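Remarks on the overall topology
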Amino acid sequence: MMILATHLIMARMMILGSIIHDPHPHPHPHPHAYKSNPFSLTPASRLKLQHTSSPSPMAGFEGFEKRLELHFIGHDPTTLQLGLRKLDFHCIQQTLQAVQCSVVSALGNSFFDAYVLSESSLFVYPTKIIIKTCGTTQLLKSITPLIFYAHTHLGLTLSSCRYTRGNFIFPTAQPFPHTSFNDEVTYLETTLPTTLCFRKASIMPSKSSSLAWHVFTATSHLHHHPYAYTLEICMTDLDPTLAAKFFRRPADGKSGHSAGKEMTAATGIGEINEHALVCDFAFDPCGYSMNGMDSEWYSTIHVTPEEGYSYASFECVGHVSGDDVDVDIVHVLRKVVQIFRPGTMSVSTTSLGNNEVWREVAGAVEPMGLKLRSCAVDQFPECGSVVFQTFTPIRRKSAH
């Protein structure tokens, strides 16, 4: 497998760029890490691309992401060793073209590949793909090409789908099928194969009309990841002083990568997980994205810092087994709050199996000046549970 992985990544470098090495020693090294910058889009060009399909113009950039997670199964052990990672980069480009975004940077290790997009992130594992896109992208239009490429190129079959998002800041600017959650569910119901027979759609409420969590799941069978979890944090009304760190100086002469590295260091983002291999990118004139890779686990951050619609998100995955916790959730949550000092924050914890990571959330952030305002829980057939918690400050804190 390692020889095949090396050949695959070396071949992909012909398209993507040059190999880099993991600068952070770790018990699980990243022998095949790579990074590249095949494309570069500024926020202005992003908005121009999006407005071609938006029903109405936005007053600002839509920070809230849509998130899609697809799992596949196959019967050939040789194929499953690398699985979806063997897809040609052309297939990825065609899929992202349907979504209306593109790759600005890429990173890989021996477990998965991570792409920073012009709008958020893409993660490709052997049997799992996660796409997270912001703005007015049409994320659900990635499903059909991904099913097609996985089946025709690799003999893989879709076995599970999960779609999540918060409330859009500019809902009327969203194009079909993201014009409403009803439209999204209808699109999913008609696009997904009928073999995904365990289905549920839910809007999880909060005490605030501006905060809700939308979830759709569909699966054909139980996925055996008994202690896995996904933590999705959405933050608005960022502290202006802290948000200002995600603006670049005019004509700074720096690349998106070098400016991104400076933002990662200056904001403390690099301290969230010091073991992670980070791929960071700063947009011009403002905005920031990063993907972190720590063994088989990823983390990702996206920032829209403009005042009036400032937004930041943090997401990570991990597992808990007894006293064995692979991610220090309390440390992560406190660092995230410290970096952004949001006016509102929601935390969605998706758990497969009997783990209760969500119980640590309030205890971690309340000492940081945030108060739990609501908590909603829902169960999804064969897909585990989702806990949606919302927080606002006890009082607004200064960044100083």
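Procedures and definitions
Residues numbered from 1 in each chain as written. Predicted model: local features only at pLDDT ≥ 70, side-chain atom pairs only at ≥ 80, totals over all residues. Heavy atoms only, no water. Helix = DSSP H or I, 4+ residues; strand = E, 2+ residues; numbered from the N terminus. Buried < 20%, exposed > 50% of the residue type's maximum accessible area, 1.4 Å probe, protein only. Pairing = 2+ DSSP bridges. Contact = heavy atoms within 4.5 Å.

Tracing the backbone shows Gln-389 in strand 18 (residues 384-393). Given the relative accessible area of 2%, Gln-389 is considered buried.

With that settled, consider the pairing of strand 18. Counting buried positions along strand 18 gives 9 out of 10 residues, so the element sits mostly inside the fold. The sheet contact formed by strand 16 (residues 344-351) and strand 18 spans 7 bridges and is antiparallel. Across the sheet, Met-345 pairs through a bridge with Phe-391, a residue of strand 18. Taken together, the 10 bridges between strand 17 (residues 370-380) and strand 18 define a ladder with antiparallel strand orientation. Across the sheet, the residue bridging to Asp-378 is Val-386, located in strand 18. What sits between strand 17 and strand 18 in their antiparallel hairpin is a turn of 3 residues, with Glu-382 showing a positive phi close to 65°.

Turning our attention to the environment of Phe-247. With respect to the secondary-structure elements, Phe-247 resides in the loop between helix 7 (240-243) and helix 8 (256-267). Residues Phe-247 and Gly-287 lie 40 residues apart in sequence; the distance between their C-alpha atoms is 6.6 Å. Among all residues touching Phe-247, those that are not within four sequence positions of it are Met-263, Pro-285, Cys-286, Pro-305 and Glu-306.

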